Every structure is written in structure tokens, then in C-alpha cells.
Amino acid sequence: MDVSCQFATSLHSPEHIAAAEQLGYHRAWLHDTPAQSPDVWAMLALAAERTHRIHLAPGVLVPTLRHPMVNASGAAALAALAPGRVALAFGTGFNGTRALGEPPATWGYLSTYVRAVRGLLRGDTVEWNGASVRMMHPGANAPQRPIDIPVLVSALGPKGLAVAHQIADGLFTVNGETARAHEFAWSALGVHGTVLSEDEPLDSSRVRAAAGPGNALAYHAAYEFGGDPASLPGGQAWLDAVTSRPLGERHLAVHDQHLTGLNAADNAAWTAGSWQAITSTTVTGTPDRIRDQLTAYARDGITEIVYQPTGPDIRGELERFIAIAIAIAIATDVPLTSS
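For clarity, every value in this text was computed on a predicted model and none was experimentally measured. (Residues numbered from 1 in each chain as written. Predicted model: local features only at pLDDT ≥ 70, side-chain atom pairs only at ≥ 80, totals over all residues. Heavy atoms only, no water.)

A. Focus on the overall build of the protein chain. Assigned secondary structure in the protein chain consists of 13 helices and 10 strands. The C-alpha radius of gyration computed for the protein chain amounts to 20 Å, which stays within 12% of the reference 20 Å derived for 339 residues, consistent with globular compactness. Referenced to the eigenvectors of the C-alpha coordinate spread, the extents of the protein chain come out at roughly 60 × 55 × 35 Å. When burial is assessed residue by residue, the protein chain has 55% of its 339 residues classed as buried. Within the protein chain, contacts between residues at least 6 apart in sequence are counted, and of these 69% link residues at least 24 apart. Split by element, the accessible area of the protein chain, about 14,100 Å² in all, is 53% carbon and sulfur. (Helix = DSSP H or I, 4+ residues; strand = E, 2+ residues; numbered from the N terminus. Rg over C-alpha atoms; globule rule 2.2 N^0.38 Å. Buried < 20%, exposed > 50% of the residue type's maximum accessible area, 1.4 Å probe, protein only. Contact = heavy atoms within 4.5 Å. Areas by Shrake-Rupley, 256 points an atom, 1.4 Å probe, with all protein chains shown as cover.)

Here you go:
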């Protein structure tokens, strides 16, 4: 199982990716979240110039945010800056669109969009919005077509999984979902959390900063996907904080500081006990517990674990997590992929 990392895109992402390369991570993914982040392509380009080995990818691109030519051109530029190190992942849009108060893309639209991007990278002339479009980049502006870049699709439900099988090279999944991972030769799983020191309490300030945002994701997702946040520890306090806002602004209350910190609702839930859910909503625990969890993911068919560190000590979080993966590799005599 490859050990990769992901980051909520920030102006510090290039230095974080450079640190991840030094530590031996296989790939770095950056979120496509324009309501809270600088441009994902700009930060990946800066990371390409600071690194030599680590693979680079946007994860996940949201089709409704850009014309397919914009993402094809961005991918081509990154492939020129980091040849052989680029992948793409697409999803219908969670934080990327819902933070704008907009619905996710349909699976039909995503399928058409991804096919268009892949066609453009091949050098094809494709039709979009009734017009014929083709990458006309001269030699100095992009690699010669075809540009071969693998693509993953982020999917959980049956419609999304069917689309992933039809148009993608693999699956990008989240929320600990591994039931269908074995169906794909490449299955990446995004996880959050932190490595606990001996007897460290789950409600400590360090754990709050390092695992709190990942834990809050469960509340954000329950709200947006029709679940019941009140069923989670501290969930009623979270829901009360969100619903106290005007209806047209509730998406702002939900997605503020998404996967970077705790917003007002997340803080209310934390005070009411949301920290009790951390070991089930994130990969948080002692080194032995995390080792067992990663081993279980590998048995389920996950071929790439994608760890997102948060908090003030990003390098320290990266160091502690990959140390566990290295220990697994040594114990099983299966080396980590490093190129």
C-alpha cells in the first residue's frame, strides 16, 4: 500500500509537499476548494518546482467550477513541470461547491466532463457546450499530445462507482469506506487523524487541533448528505449552531474552516463532547492501533492511503504517521513505494 498525503490547499502547501517528499510520501494531493484556498493548480506548480520525486495531484477537481479546457491546460502544465509525476481525481463537489451554496454535479455531467478532459489531453477535438474545442498549445506551452495522465473518480454510492468503473483508472474514496475497494486495481482512501502519545486524552488541545477538523468532517457530511448530525456525540449542539443562522447562510456556517480548523458549530460540538467520536471518525490512536487500522485497509483492497495532517505541526504529524507505515513495511517485508 502506497502512503500518500493530502492537504487543504494553502499558501504553505508547496513547503508542506516538499517536507512530505523528504519524509518518503508517495504522492501529495491538494483539495480544490476555491472558497477557502488559493488556486490548486498554482500551488501544485510551485510544489513541482520544489520537489523531484513525489507525485502530485489535485484531489478532487470539481467539474462545475471550470471549463474542461481550464483543467486540461492546468494538468498539461503540471505534467510539463513534473513529468511522470501527475495524476488527476474528480468528484461531484462537496466543500468545493456546497461552500458556494451550489449543488454537486450530477454523475452524468461528471462523466461527460471527465471524458472531455481526457479527450483534450489526448489531442482530440471535443464538443463542449455546442462548440468544438481542442488544445492548441504550441510546443513551448504544453507537452505534445497525447498527454497520458491517470484519473481517479471519488465515489461512494452505486451510481458513482459505476461511473468510476466506466471512465477512470481507479477509485478515490473517503469516510473509511472500503467495501468496493477490491473492485479497482488502484483504490486510494483519504484519512485524517493523529498519532496519540501514551495516555494522551482525546480532548487535549493538541488532539483538537490535529484531529478535530477530520472529526468535524463527519458532522459536515451528515448534514449535507441527508444524515442526522444530532445522532453523533455533541451533534445536537452542532446542529443548533448551524440552524441558528439564516437559511441562506447555513452553508457558510457548515463549511467555514472545513478540514483546516473548527468553526463555531464545530466548537460548540467539541464542548458538548464531539471529541468522543474521534477514534471512529478518524484514524487516531496509539501507533499499534493505527498500524492495525492501516493493515485492515490494505486487506480490504486499499492500495493507497492518503493521510491529511492538520494543526500547527504539519511536519511532525507527517513524521509520526509515516513512521507507522515504515514499521508495517519492515514487519511485512514489503517496501513503501517512493517513486
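There is more to say, and it comes next.
B. Examining empty space enclosed by the protein more closely. Inspection of every chain in the model, using the stated rule, returns 2 cavities of 30 Å³ or more. In terms of lining residues, the largest cavity is bounded by Gly212, Asn215, Ala216, Tyr219, Trp238, Leu262, Asp266, Ala269, Trp270 and Ser274. Where the lining of the largest cavity is concerned, the elements lending two or more residues are helix H7 (205-224) and helix H10 (264-271). No other element matches the 4 residues that H7 contributes to the lining of the largest cavity. Here the lining of the largest cavity is built from residues that sort into 6 nonpolar, 3 polar and 1 charged. Volume-wise, the second largest cavity comes out at about 40 Å³. (1 Å grid on protein atoms, 1.4 Å probe; cavity = no way out; pocket = protein on both sides within 12 Å on 5 of 7 lines; lining within 4 Å. Points joined across faces, edges and corners; volume = space filled by probe spheres on them. Nonpolar A, V, L, I, M, F, W, Y, C, P; charged D, E, K, R; others polar.)

C. The packing of aromatic side chains, seen in detail. Inspection of every chain in the model, using the stated rule, returns 9 aromatic pairs. Taking the centre distance of 6.4 Å and the plane angle of 45° together, the rings of Tyr219 and Trp238 count as tilted. Here Tyr219, found in helix H7, pairs with Trp238, found in helix H8 (residues 235-243); they are 19 residues apart in sequence, far enough to count as distant. A single burial state applies to Tyr219 and to Trp238, both of which are buried. Aromatic side chains Tyr307 and Phe321 sit 4.0 Å apart centroid to centroid with 5° between the ring planes, which places their arrangement in the stacked category. (Phe/Tyr/Trp six-rings, centres within 6.5 Å; stacked < 30°, edge-to-face > 60°.)

D. Looking closely at the sheet that holds strand S10 (residues 304-308). The sheet built from 8 strands is open, its strands ordered S3-S2-S1-S10-S9-S8-S7-S4 with parallel pairing. What marks the edges here is a single partner per strand, and that holds for strand S3 (55-58) and strand S4 (88-90). The mean inter-strand angle of the sheet, taken between neighbouring strand axes irrespective of direction, is 25°. Sheet topology note: the S4/strand S7 (residues 151-154) ladder contains 3 bridges and is parallel. Directly across from Ala89, in S7, lies its bridge partner Leu152. (Pairing = 2+ DSSP bridges. Axes fitted to C-alpha atoms, helices over the stretch in contact; angles between N-to-C directions.)

E. Representation of the pattern of salt bridges within the structure. In total, this model carries 15 salt bridges according to the counting rule given. The closest approach of N and O atoms between Asp169 and Arg118, which form a salt bridge, is 2.8 Å. Taken together, the residues span a long stretch of sequence, with Asp169 in the loop between helix H6 (158-167) and strand S8 (170-173) and Arg118 in helix H5 (residues 107-122) at a distance of 51 residues. Assessed through its relative accessible area of 36%, Asp169 is described here as partly exposed. The shortest N-O distance in the salt bridge between Glu183 and Arg180 comes to 2.3 Å. (Salt bridge = Lys/Arg side-chain N within 4 Å of Asp/Glu carboxyl O.)

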